[in-house]
Every structure is written in structure tokens, then in C-alpha cells.
Amino acid sequence: MDAIVLDNLTRSFGSLVAVDNISVTVHEGELFGLLGPNGAGKTTLINILTTLDKPSEGTALIAGHDIHADPENIRRIIGIVFQDPSLDVELTGRENLNFHAMMYDMPTDERKQRIDEVLALVDLSDRADQLVHEFSGGMRRRLEIARGLMHHPRILFLDEPTLGLDAQTRRKIWQYIRELNRELGITVILTTHYLEEADYLCDRIAIIDHGKIVALDTPLNLKNKIREDIVNIEVDEKKVEQVKKLLMEFEGVKKITTTDCCISVSISDAEKHLPEFIELILSKGHVVHSASAIKPSLEEAFISYTGTAIREQKGSYKDQSRAYIRRKMG
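Because the structure is predicted, anything quoted here is derived from the model rather than measured.

Asks: Mind showing me how you'd approach the nonpolar core here?
Replies: Soluble globular proteins: nonpolar side chains tend toward being buried together. Grouped together as the largest cluster of nonpolar side chains are 43 residues, with contacts concentrated most on Leu 35, Leu 97, Leu 143, Ile 205 and Leu 298. Discounting residues that sit within four places of it in the chain, Leu 298 has contacts with Leu 35, Leu 195, Ala 198, Asp 199, Ile 205, Leu 222 and Lys 223. In terms of nonpolar packing, the next biggest core, distinct from the first, is built from 28 residues, Ile 4, Ala 40, Ala 63 and Ala 206 among them.

What follows is the structure in C-alpha cells.
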């Protein structure tokens, strides 16, 4: 069974079409990424899939349950880590998890066992009885992930799970996400502003712009559709044309450009061919001053499909918490 099936899903707010006729399938056990500029429709789409909003047209099946006819069962089989902080900071980690489990009517014995399990999953067992307001931003995010796993969800939605965290903490969170997906087989839907995060984690990525999916593929294929890999080789300026002729005869070369003493070769799998190029050049008595292989980036792909660089949201976890509280207080 596929984890999620969207069929012509649309959500309009007056004349604004936030989600525009999207049809896509997410496979069970897949780590699926949603990328897009601010206002592209990612959050609206997540809200619909988690039953927090309803589509204007179309439908979706979540693990076989229709979002129109069966939202209650959908809520029981999904977990959510919201973009906005949502922990009670005056409770301990254990108390936050216990409260969440009670909302899902988990029996007392099962609650205790499951709390211990999810705390161990995110390496917070030794902090279980510490007040959350004493947690670092990374610890809070890990606790939110643990909370999302309490009721054994089949699908986990992560909306900007590392927003505002430092680079080292982000990478630790990535490891937890990957382990959850690979070892537990949980389907993960990830929205992120960090292109490196999506590239590292996701099996497939949908790039959304103006409410539409403008590209859908693996990270590698999205990058390779933009351009070939590039091999840059620096030789003596007087030898550039001779070396260029040598390399043009090499099988798989798509294009060669030169500037001063640098030769740029477009070819698939550049890292594999780089040593072969160097060996060929040296065998003809030429000197190689430097050489490097450059692969296309996900950022290049993103800009190609959306016409703009992704706009990362700024601010620390504490800043995000304060903004969330201000919004709630009106």
C-alpha cells in the first residue's frame, strides 16, 4: 500500500490558490521532501494531509484512509513535528510525553514503556525528568520528534524540523531522522528550507512553486537534469589547445570550454573520469597544475525550477518560541 496518494488536490483562499491541482504518490517507507520558496504552498499542503485543513477540491488517501471520510483514523496513524515550538516548557520531558500519550488513550503500562523507548531513540533518557525550559534547542527538537513517535505512527510529518538550530545540531537531528526512516520503516514527509538537508536525507524531492509541483525526482536526478558534472583542469596556457584536443577524443565528453589556462569538461560521473584525464594528459608529456571535479548542486536545480534562491527563515529556536507565544496571545 502507498503511504499517501494525492488526486487533483486544490486549496483556494478566495482568489489565492495555495495548492493547485496536485497529484502525487508517496511510497510506504519513503523519506519524501517538499521544497519551495516561502508562500509556495508547502505548509498548506501539510495542513491538509494532517487533517488541520480541508481541500477545496480533490482528495487524498493517507495509508488508505480518505481525508474527507476518515480524518479521525488518519490522526491516529500519523505523527507531527510542527514548525512552531509546541512543548510545555514548564513540564519535564517525561511529563510532555505522558500527556501526549494520554491524549491518544494509551494504557498506563504501555505509556510508561513507550516513553522509555522513544526517549532512548532520541538519546534523552538521562534528561527525562528535567524541565524542558532547561533544554537546548536541539534537545527540544529531539523531544518533539519523540513525542511524534509515541503512538507508533506509520507516517511522520516533519515541518522544518531543524529551523533555527546550529549546523552541528542539525546534523545530529538528520541522523535521528534517517534512523527512524531506515530502521523503523516509518514514512517521513519533510519540509525544509535547508537544501543540504533535503539532499542528504530524501529519497525523492518535490519542488513546489505557486502551489504546483514543478519538479519531482531523486536529489541526484534533479541535479543531473540541470547540467552534467564538470572537470576543471589547469595546464600551461600555451598547452591549452593541445590538451583540449586530447580530451575531446575521450568517450563521454559532452562539451569543452577554455579560459586562459583552465579547461572545463562536461561529462557524467566526473569524479570517476578525473584520474583518467590526468593520466592521459601526463602520458603526453604535459603538466597538470590543478584538477577538480564539480557536481551540480541542488541549489542550482531549485533556482532552475523556481527562478529564485530558496529563502531560509532566520532566528534561533528561542526566537521562534517567542514568536509563537506572541501569535497565540494575539
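The rest of the description comes next.
Asks: Just checking my understanding: could you explain the pairing of strand β12 (residues 255-259) for this structure?
Replies: Working note: regular strand, side chains alternate between the two faces of the sheet. As paired elements, β12 and strand β13 (residues 262-267) share five bridges and run antiparallel to each other. Note on β13: the bridge partner recorded for Thr 258 is Ile 263. Hairpin connection between β12 and β13: a loop of two residues separates the two successive antiparallel strands, and Asp 260 in this loop has a positive phi of roughly 50°.

Asks: Sorry if this is basic, but what is going on with the state of the cysteines here?
Replies: When the sulfur atoms of two cysteines share a covalent bond, that bond is a disulfide. One pass over the full model with this rule turns up zero disulfides. Cys 262 takes part in no disulfide bond, and the closest cysteine sulfur, belonging to Cys 261, lies 6.8 Å away. According to the relative accessible area criterion, Cys 262 is partly exposed, its value standing at 22%.

Asks: Where do I start with helix α9 (residues 240-248) in this structure?
Replies: Restricting attention to buried positions, one finds in α9 the residues Val 240, Val 243, Leu 246 and Leu 247. Along the long axis of α9, the arc covered by the buried residues comes to 125°, so they all point the same way. For α9, the exposed residues lying more than 90 degrees away from the buried face are Lys 245 and Met 248. Structurally, α9 contributes buried residues whose contacts are with β11 (229-235), β12, β13 and α10 (270-283).

Asks: Before we go on, may I ask you to explain the sheet that holds strand β1 (residues 4-13) in this structure?
Replies: Hydrogen bonds between backbone atoms are what pair the strands of a sheet, whose relative direction is either parallel or antiparallel. Pairing in this open sheet of four strands is antiparallel, and the strands run β2-β1-β4-β5 from one edge to the other. Whereas interior strands pair on both sides, the edge strands pair on one side only; in this sheet they are β2 (16-26) and β5 (65-66). Across the sheet, helix α1 (residues 42-49) touches β1, β2 and β4 (57-62), and the angle it forms with β1 is around 120°.

Rules used throughout
- Residues numbered from 1 in each chain as written.
- Predicted model: local features only at pLDDT ≥ 70, side-chain atom pairs only at ≥ 80, totals over all residues.
- Heavy atoms only, no water.
- Core = buried A, V, L, I, M, F, W, Y, C linked by side-chain atoms within 4.5 Å.
- Buried < 20%, exposed > 50% of the residue type's maximum accessible area, 1.4 Å probe, protein only.
- Contact = heavy atoms within 4.5 Å.
- Pairing = 2+ DSSP bridges.
- Helix = DSSP H or I, 4+ residues; strand = E, 2+ residues; numbered from the N terminus.
- Disulfide = S-S within 2.5 Å.
- Arc of directions from axis to C-beta.
- Axes fitted to C-alpha atoms, helices over the stretch in contact; angles between N-to-C directions.

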